[in-house]
Amino acid sequence: MQANIGDLISLINKLLEEILSKEENIEKIIIVIDDTDKLQPQESQNIFVENNDSLRRIKNCVTAYIITYDLIRGPWSSRVADIFDQVITIVPAIDYRTEKGKGLLTEILERRIPTELFEDEEICDTLIGYSGGILRNMIDLAKSSCMRSIENRENKISRASVQFSKNVFKKNLETTISSDEEYELIVKIHNEPNRFFVRNDTFRNLLYKKLLIEYILDDGNSDYRLHPLVEELMEEGI
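Residues numbered from 1 in each chain as written. Predicted model: local features only at pLDDT ≥ 70, side-chain atom pairs only at ≥ 80, totals over all residues. Heavy atoms only, no water.

1. Focus on the overall build of the protein
Along the protein, the regular secondary structure elements total eleven helices and four strands. Partitioning the intrachain contacts of the protein with sequence separation of at least 6 by distance along the chain shows that 63% fall at a separation of at least 24. Carbon and sulfur atoms provide 48% of the accessible area of the protein, an area that totals close to 14500 Å². (Helix = DSSP H or I, 4+ residues; strand = E, 2+ residues; numbered from the N terminus. Contact = heavy atoms within 4.5 Å. Areas by Shrake-Rupley, 256 points an atom, 1.4 Å probe, with all protein chains shown as cover.)

Put into structure tokens, the structure is as follows:
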């Protein structure tokens with residue numbers, strides 16, 4: 001990754017020039033710039049809203065940025081839509097609680113790891129449940145479970161390795177709770193999951209950190225739930 005966004009854009013344009021000089025009959029080039037959703041909200045606002053000229057210097061291709069949740073749901077969403085040609089809202093999680101959602105997540109996971117590599121058939125469902133339906137979480141949990149089993153010289157991905165990976169991930173989630181306001185809101189949501197909460201900065205911070213997950217229901221409405229591992233933390237009395 002480059003030191004700043006300007007250097008990154010310059011490097012991309014050089015690569016595009018090289019590709020176009022060597023290849024013929026290219027119909028479309030798509031560049032996906034990932035991990036920019038990990039930027040802090042203020043950094044994201046600065047890059048995508050306040051100082052976005054450099055982002056539009058990329059020529060001869062379609063550029064897709066994976067951007068922060070705040071920019072597509074927060075107060076700057078309309079400005080982002082005006083600045084860029086098209087803004088695609090990506091649902092941050094697949095509702096694993098439904099048969100359709102669970103089936104889709106199972107299909108994605110099995111493309112990465114064949115079921116015969118699991119110690120038992122229930123491990124796939126366990127990984128999906130621990131992820132809360134967030135694809136990145138699910139893949140990371142599966143990968144770390146696989147590495148743990150390799151370290152332990154196990155023939156298959158064991159339930160013990162999955163539990164180990166889950167505990168590490170849960171501890172990491174706990175460390176992202178960074179203020180009393182966030183903790184207090186987590187407790188309130190845990191105690192009253194169906195209550196409507198004001199979509200303030202604290203609420204958005206929980207969504208940004210994936211401590212709180214948004215699921216889109218069939219009727220188009222949103223259902224907000226704590227990450228299942230955060231629920232575990234609450235039940236353990238953190």
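Still more ground to cover, so stick around.
2. Overview of the packing of aromatic side chains
In the structure shown here, the tally under the stated rule is two aromatic pairs. Positioned above the aromatic ring of Phe-164 is the side chain of Arg-148, whose terminal nitrogen or guanidinium carbon lies 3.6 Å from the ring centre. (Phe/Tyr/Trp six-rings, centres within 6.5 Å; stacked < 30°, edge-to-face > 60°. Lys NZ or Arg CZ within 6 Å of the ring centre and 35° of its normal.)

3. Some words on unusual backbone geometry
Look at Arg-153: it is not a glycine, yet its phi comes out positive at around 55 degrees. Structurally, Arg-153 is set in the loop between α7 (135-151) and α8 (159-175). For Lys-210, which is not glycine, the phi torsion reads 65 degrees and is therefore positive. Position of Lys-210 relative to the elements: it lies in the loop between α10 (201-208) and β3 (212-216). On the accessibility criterion, Lys-210 (25% relative accessible area) is partly exposed. (Buried < 20%, exposed > 50% of the residue type's maximum accessible area, 1.4 Å probe, protein only.)

4. As for the packing of helix α5 (residues 99-112) against helix α6 (residues 122-131)
Running from N to C, α5 and α6 cross one another at 110 degrees; their axes reach a closest spacing of 10 Å. Considering their axes alone, α5 and α6 lie roughly perpendicular with respect to each other. Taken as a pair, α5 and α6 cross one another with a handedness that is right-handed. Where α5 approaches α6, its residues Lys-102, Leu-105, Thr-106 and Leu-109 are matched on the opposing element by Cys-124, Asp-125, Leu-127 and Ile-128. When grouped by side-chain class, the residues that make up the contact of α5 with α6 number five nonpolar, one polar and two charged. (Axes fitted to C-alpha atoms, helices over the stretch in contact; angles between N-to-C directions. Parallel < 35°, antiparallel > 145°, perpendicular 65-115°, else oblique. Left-handed = near helix turned anticlockwise from the far one by under 90°. Nonpolar A, V, L, I, M, F, W, Y, C, P; charged D, E, K, R; others polar.)

5. Some details on the nonpolar core
If you look at the biggest cluster of nonpolar residues, it comprises 33 residues, and the most contacted ones within it are Phe-118, Leu-127, Ile-186 and Leu-212. If you list the elements that add at least two residues to this core, you get α5, α6, α7, α8, α9 (180-191), α10, β4 (222-226) and α11 (228-235). Per-element accounting of this core gives the leading share, five residues, to α6. Aside from chain neighbours lying at most four places away, what touches Leu-212 is Ile-189, Phe-203, Leu-206, Leu-207, Tyr-224, Arg-225, Leu-226 and His-227. One finds Ile-9, Leu-16, Ile-29 and Ile-58 within the second-largest nonpolar core, a separate group that totals ten residues. (Core = buried A, V, L, I, M, F, W, Y, C linked by side-chain atoms within 4.5 Å.)

6. Examining α9
Each turn of an α-helix holds 3.6 residues, which means side chains three or four residues apart point in the same direction. Its twelve residues give α9 an end-to-end C-alpha distance of 17 Å, which sits within 8% of 16 Å, the value for a rise of 1.5 Å per residue. Within the span of α9, buried status applies to Glu-182, Leu-185, Ile-186 and Ile-189. The buried residues of α9 occupy one face: seen down the axis, they fall within an arc of 105 degrees. More than 90 degrees from the buried face of α9, the exposed residues found are Asp-180 and Asn-191. Lining the buried residues of α9 we find α10, β3, β4 and α11. (Expected span 1.5 Å × (residues − 1). Arc of directions from axis to C-beta.)

7. Re a nonpolar patch on the surface
Judged by side-chain polarity, Leu-11, Leu-15, Ile-19, Leu-20 and Ile-26 come together as a nonpolar surface patch covering roughly 380 Å² of accessible area. On the basis of relative accessibility, which here comes to 35%, the residue Leu-20 falls in the partly exposed class. (Patch = residues over 30% accessible without salt bridge, like charges linked within 9 Å, V, L, I, M, F, W, Y side chains within 5 Å. Salt bridge = Lys/Arg side-chain N within 4 Å of Asp/Glu carboxyl O.)

8. Comments concerning the pairing of β3
In terms of burial, β3 is largely enclosed, as four of its five residues are buried. Pairing geometry for β3 and β4, over five bridges, is antiparallel. Looking at β4, one finds that Glu-214 is bridged to Tyr-224. (Pairing = 2+ DSSP bridges.)

9. Some thoughts on α11
Of all the positions in α11, only Pro-228, Leu-229, Val-230, Leu-233 and Met-234 are classed as buried. Buried positions along α11 lie against α6, α8, α9, β3 and β4. Just downstream of α11 lies Gly-237, where phi reads positive at about 75 degrees.

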